[in-house]
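# Fold and geometry: a report
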Amino acid sequence: MSQHDHSKFSRRQVVGGLMGSMAVTGMAMASSASAAESGSATSDGAPPLTGKNPLGAFPKPPFERQPQDPPGLASKMVPRPDHGEESYRGSGRLTGRKALITGGDSGIGRAVAIAYAREGADVAINYLPEEESDAKEVIALIKAAGRKAVAIPGDITDEAFCQKLVNDAATQLGGLDILVNNAGRQQYVESITDLTTESFDKTFKTNVYAMFWITKAAMAHLQPGAAIVNTSSVQAGKPSAILLDYAQTKAAIIAFTKGLAKQVAEKGIRVNAVAPGPYWTPLQSSGGQPMEKVMKFGEEAPFGRPGQPVEIAPLYVTLASAESSFTSGQVWCSDGGTGTF
Ligand code: NAD
Ligand code: MG
């Protein structure tokens, strides 16, 4: 081995060793994924050892006024969210796995779909029919990663559709061993006296009932080693005054996650949740927050900006990965330094 070859080998070993020792923490994986995509690569092509500075890594407020009707499209956002399209690099952590991701067309779900595909998983995504244009971009990205991509549009507030969604995903993927319950509805209402039963019901149907229906249907397919990752929110612990219904659903998701984790442990199935803080997605600009708050979105986080979906995908990768085989019933938060959980 020449001197040059030797130094290249040892640098890779150092990086690999660091990643191995940090692999149990989602934040460690976040920084390693970012490191690989940021700073200048070394002359031998290995990733740099330094991470990217989270302060200046992504856009900060103020943002421009950009109202959309729900569910909103990622393609209409300014700036466009970063879901890892150009940056996420996989390392075979989900090779051969088969994943269903709800709300996989945009935002956090899209970032998870891209990451899972690049980690070697076949991926089915669900979304609403009016989000087809966003979904098409995700399907193309999954295929570009060399993985099977399955698109299943439909409304998850319907129990019969939830059952069909799971069965179609399992049939088309040839099995199912990762379920990401990520779809969500968030519509702000200033006063409880204006919060209608219809709106309250729709938020619970989308965020709580659908998770229950989809997970219940998935149990027929999930084998030992399977993983479920639910999407809660910092709202579960620190509810905003204008998100009464939404915050309750996000707290319910945590209770469901912890209870189910105990129930299915004997089957060898792990259940965890991710709790995002402010992330730059169409959920917020399509009625999730007043537009004045969207224009300042993320300014209260210590990093002074919203997270970009690519920054949370590593938590979903690590929770789904077999490397996390002793982790279940947990809630992992990513909120730009606020320290909510
Ligand atoms: P997003 O709008 O990109 O994703 C939400 C998705 O939910 C939509 O793309 C849509 O496909 C899906 N959806 C909504 N209603 C549906 C229905 N009836 N049937 C089928 N699909 C439906 O926004 P996001 O922020 O990426 O949201 C993903 C998850 O993250 C949600 O559960 C949300 O509550 C959670 N979350 C987001 C933030 C944030 O700041 N963006 C913070 C905490 C939690
Ligand atoms: Mg969407």
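Keep in mind it's a predicted model, so treat the numbers as computed, not measured.

## Looking at the site of ligand 1
Around ligand 1, 31 residues are found, and the nearest of them are Ser106, Ile108, Glu131, Tyr246 and Thr281. Separating an oxygen atom of ligand 1 from a backbone N or O atom of Gly184 is a distance of 3.1 Å. Here an oxygen atom of ligand 1 sits 2.5 Å away from a polar atom, N or O, in the side chain of Tyr246. Out of a free accessible area of 810 Å², ligand 1 has 96% covered by protein chains. Mapped onto the shell around ligand 1, the elements with two or more residues apiece are α3 (107–118), β2 (122–127), α7 (244–264) and α8 (282–288).

## Examining the coordination of the magnesium ion (ligand 2)
Protein coordination of the magnesium ion (ligand 2) is provided by Asp105 (OD), Ser106 (OG) and Glu131 (OE), with donor distances spanning 2.1 to 2.2 Å. Assessed through its relative accessible area of 1%, Asp105 is described here as buried. Using a relative accessible area of 11% as the deciding quantity, one classes Ser106 as buried.

## Structural notes on the pairing of strand β5 (residues 227–231)
Within β5, five of the five residues are buried, leaving the element largely enclosed by the surrounding structure. Across the two faces of β5 the burial is the same, with Ala227, Val229 and Thr231 and Ile228 and Asn230 all buried. With four bridges joining them, strand β4 (residues 178–181) and β5 adopt parallel strand pairing. By the bridge assignment, Ile178 is partnered in β5 with Ala227. Between the parallel elements β4 and β5, the chain passes through helix α6 (residues 197–218) in a crossover that is right-handed. Relative to strand β6 (residues 270–276), β5 runs parallel, the two sharing five bridges. Note on β6: the bridge partner recorded for Ala227 is Arg270. After leaving β5, the chain enters α7 and then returns to the sheet as β6, a path that is right-handed.

The rules behind each value
- Residues numbered from 1 in each chain as written.
- Chains lettered and ligands numbered in written order.
- Predicted model: local features only at pLDDT ≥ 70, side-chain atom pairs only at ≥ 80, totals over all residues.
- Heavy atoms only, no water.
- Near = heavy atom within 4 Å.
- Polar contact = N/O pair within 3.5 Å; in protein donor to acceptor, adjacent residues only side chain to side chain.
- Areas by Shrake-Rupley, 256 points an atom, 1.4 Å probe, with all protein chains shown as cover.
- Helix = DSSP H or I, 4+ residues; strand = E, 2+ residues; numbered from the N terminus.
- Donors = N, O, S within 2.8 Å, 3.2 Å for Na, K, Ca; no water.
- Buried < 20%, exposed > 50% of the residue type's maximum accessible area, 1.4 Å probe, protein only.
- Pairing = 2+ DSSP bridges.
- Right-handed = clockwise from strand over helix to strand, strands pointing away.

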